[in-house]
Amino acid sequence: MKFSPRRIKVGLELTSKCNLRCGMCPLPVLRRPYEDMHWPLVERAEKEIHGAGLRLKWLHEMGEPLLYSRLDDAIRLFPEASVSTNGLLLTEEVGAKLLASPLKRLRICVDSINPSVYPQLRTGGDFDKLVELTRNFLRQAKGHRLRIEIQKMRSRLTLDETVDDFRDFFELHQFRNARVIEKTCEALDVNEETDLHGKFYGCVQGAFFTWVVIFADGRVTHCCYDAHGEQILGDLKTQALMEILDSPRMAEMQAAFDRRDFTNLPRCAECFKHGGESHAFNDVLTGVQNLPGVAKDVVRKVIDVRYRS
């Protein structure tokens, strides 16, 4: 299969275990084991990913990466990758390991600075603990080359919160390497309207193949929304990555998607169940996905007016 490595995003799930059970996340009902990736498989993944000319985007999929005992070693294998965390394990010791690694970007998913809203987004989280750990890490990393992103979640529950509120709350004027980013709360499991996220129409990624996601057990899927592993392409434990991407199974799944036959694509069927089958519509989504980050964020904000309806 021909593809442009620059257009493909890669995620490596070091662990499917997590210390939270968030409302927008399918992890509480995950239909596969909670487990860590064995280290030899991480090393194999590095050879396969880089050998295919690809770059790792995220060192996570469903789990909390700070739970992985060799996270700093994994970062050294993938210095181009970013880490996203719920922040509740970001102690001074963990922070020191991250700062000693080649990590370039760390995203801390605070989501809301309203102590009554935060637990509705991050079920099981301790708001006061997160705030303390985040502020401590900002001071610990002050002047470091690491870029820190404080995530603000866009949802109906956070309409009254602004980026400036987050900046002021964490006094980010003191920390030149930190900024606030906004993330749309998305339906990662079922495509329904809730207080956390709206429903959507068609392929969120805009195309069948924009991701390579490697689960903790080594199985490979083509979409970061395929949390349960319903559309597996192959297994990195027994196959080379390029063998998986060039396989007849991949071609068959791509062809079925193109003709909108979701008989054997249950995760795609979930995304399309409210409509969006038009190829022209998905061409627009593909164009949005390929926009530079800043431009893409502007489009998302326009789309997010649905939260105010």
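Residues numbered from 1 in each chain as written. Predicted model: local features only at pLDDT ≥ 70, side-chain atom pairs only at ≥ 80, totals over all residues. Heavy atoms only, no water.

1. Side note on the overall build of the chain
Under the convention used in this document: Elements are defined by DSSP. Helices are runs of H or I of four residues or more, strands are runs of E of two residues or more, and each kind is numbered from the N terminus. The buried label applies to any residue whose accessible area, calculated with a 1.4 Å probe on protein chains only, is under 20% of its type's maximum; exposed applies above 50%, and partly exposed to all values in between.
Each helix and strand counted, the chain has 11 helices and nine strands in total. For the chain, with 309 residues in total, the buried portion stands at 55%.

2. Overview of the sheet that holds strand β3 (residues 83–85)
Selection criterion: Any two strands are treated as partners once DSSP identifies two or more bridges connecting them. Note on geometry: axes are C-alpha line fits, over the in-contact stretch for helices, and angles between N-to-C directions span 0 to 180 degrees. Should any heavy atoms of two residues lie within 4.5 Å, those residues are considered in contact.
Sheet architecture is open: four strands sit in the order β3-β4-β5-β6, paired in parallel fashion. Looking at the sheet topology across the chains shown, the edges are occupied by β3 and β6 (178–184). Between one strand axis and the next, the sheet turns through 30° on average, direction left out of account. Both strand β5 (residues 147–154) and β6 contribute to a ladder of seven bridges, which runs parallel. Pairing of Gln151 across the sheet is with Ile181, part of β6. Most of the contacts of helix α5 (residues 127–140) go to strand β4 (residues 105–111), to which it runs at about 150°, and overall it touches β4, β5 and β6.

3. Quick notes on the side chain of Glu13
Condition: Between N or O atoms, a polar contact is any pair within 3.5 Å; within protein, one atom must be a potential hydrogen donor and the other a potential acceptor, and residues adjacent in sequence are included only when both atoms are from side chains.
Within the fold, Glu13 resides in the loop between β1 (9–12) and α1 (39–51). A relative accessible area of 0% places Glu13 in the buried class. A distance of 2.8 Å separates polar atoms of two side chains, one belonging to Glu13 and the other to Arg32. In this structure the side chain of Glu13 is engaged in a polar contact, spanning 2.9 Å, whose partner is the backbone nitrogen of Ala216. The contact partners of Glu13, leaving out residues within four places of it in the chain, are Arg32, Met37, His60, Glu61, Met62, Gly63, Ile214, Phe215 and Ala216.

4. Considering the pattern of salt bridges
The cut-off we apply is this: Counted as salt bridges are all cases of a side-chain nitrogen of Lys or Arg within 4 Å of a carboxyl oxygen of Asp or Glu.
Taken as a whole, this structure holds 18 salt bridges when the rule is applied. Residues Asp36 and Lys17 are paired through a salt bridge, measuring 3.6 Å at the closest nitrogen-oxygen approach. Residue Asp36 is found in the loop between β1 and α1, and its partner Lys17 is found in the loop between β1 and α1; the two are separated by 19 residues along the sequence. With relative accessibility at 35%, the residue Lys17 sits in the partly exposed group. Note that Arg70 and Asp73 form a salt bridge whose closest N and O atoms lie 2.9 Å from each other.

5. Considerations on the sheet that holds strand β7 (residues 211–214)
Pairing is mixed in the open sheet, where five strands are placed in the order β2-β1-β7-β8-β9. Every other strand in the sheet has two partners, leaving β2 (56–58) and β9 (232–235) as the edge strands with one partner each. Here the strands of the sheet are splayed against their neighbours by 30° on average, with no regard to which way each runs. Strand direction decides the pairing type here: β7 and strand β8 (residues 219–221), joined by two bridges, are antiparallel. Across the sheet, Ile214 pairs through a bridge with Val220, a residue of β8. Packing of α1 onto the sheet brings it into contact with β1, β2 and β7, and relative to β1 it is tilted by some 170°.

6. Looking at the nonpolar core
Using the following cut-off: The term nonpolar core refers to a set of buried residues drawn from Ala, Val, Leu, Ile, Met, Phe, Trp, Tyr and Cys, joined through side-chain atoms within 4.5 Å.
If you look at the biggest cluster of nonpolar residues, it comprises 82 residues, and the most contacted ones within it are Leu12 and Leu59. In contact with Leu59, other than residues within four places in its own chain, are Leu12, Leu14, Pro65, Leu71, Ala74, Ile75, Phe78, Ala81, Ser82 and Val83. Within the second largest apolar cluster, 11 residues are counted, among which are Trp58, Trp211, Phe215 and Cys224.

7. A short note on helix α8 (residues 248–258)
In plain terms, the rule: Within this analysis, the arc is defined by the directions that extend from the helix axis to the C-beta atoms.
Within α8, the full set of buried residues consists of Met250, Met253, Gln254, Ala256 and Phe257. Projected onto a plane normal to the axis of α8, the buried residues spread over an arc of 160° and lie on a single side. Opposite the buried face of α8, at more than 90 degrees from it, the exposed residues are Pro248 and Glu252. Its buried side turned inward, α8 meets β9, α7 (241–245) and α9 (266–272). Once α8 finishes, Arg260 follows within two positions and takes phi at roughly 60°, a positive value.

8. Some remarks on unusual backbone geometry
The phi torsion of most residues other than glycine is negative, and most of the peptide bonds are trans. In this model, Glu171 sits at a positive phi of 50°, which is unusual for a non-glycine residue. Assignment of secondary structure puts Glu171 in the loop between α6 (163–169) and β6. Judged by relative accessible area, which is 41%, Glu171 ranks as partly exposed. For Arg260, which is not glycine, the phi torsion reads 60° and is therefore positive. Along the polypeptide, Arg260 turns up in the loop between α8 and α9.

9. Let's talk about the packing of aromatic side chains
Applicable threshold: Side-chain rings of Phe, Tyr and Trp, where Trp is taken by its six-membered ring, are said to pair if the distance between their centres is within 6.5 Å; with planes under 30 degrees apart they count as stacked, over 60 as edge-to-face, and otherwise as tilted.
For the structure on display, the rule yields seven aromatic pairs. Consider the rings of Tyr118 and Phe127, whose centres lie 5.6 Å apart with planes at 55°: the pair is tilted. Residue class for Tyr118 comes out buried when judged on its relative accessible area of 0%. Each member of the aromatic cluster is reached from another via a ring pair, and the members are Tyr118, Phe127, Phe169 and Phe170.

10. Looking at the environment of His274
Tracing the sequence through the fold places His274 in the loop between α9 and α10 (279–289). Owing to a relative accessible area of 26%, His274 belongs among the partly exposed residues under this scheme. Sequence separation between His274 and Tyr201 is 73 residues, and the spatial gap between their C-alpha atoms is 5.6 Å. Beyond its immediate stretch of four places on either side in the chain, His274 contacts Asn191, Glu192, Lys199, Phe200 and Tyr201.

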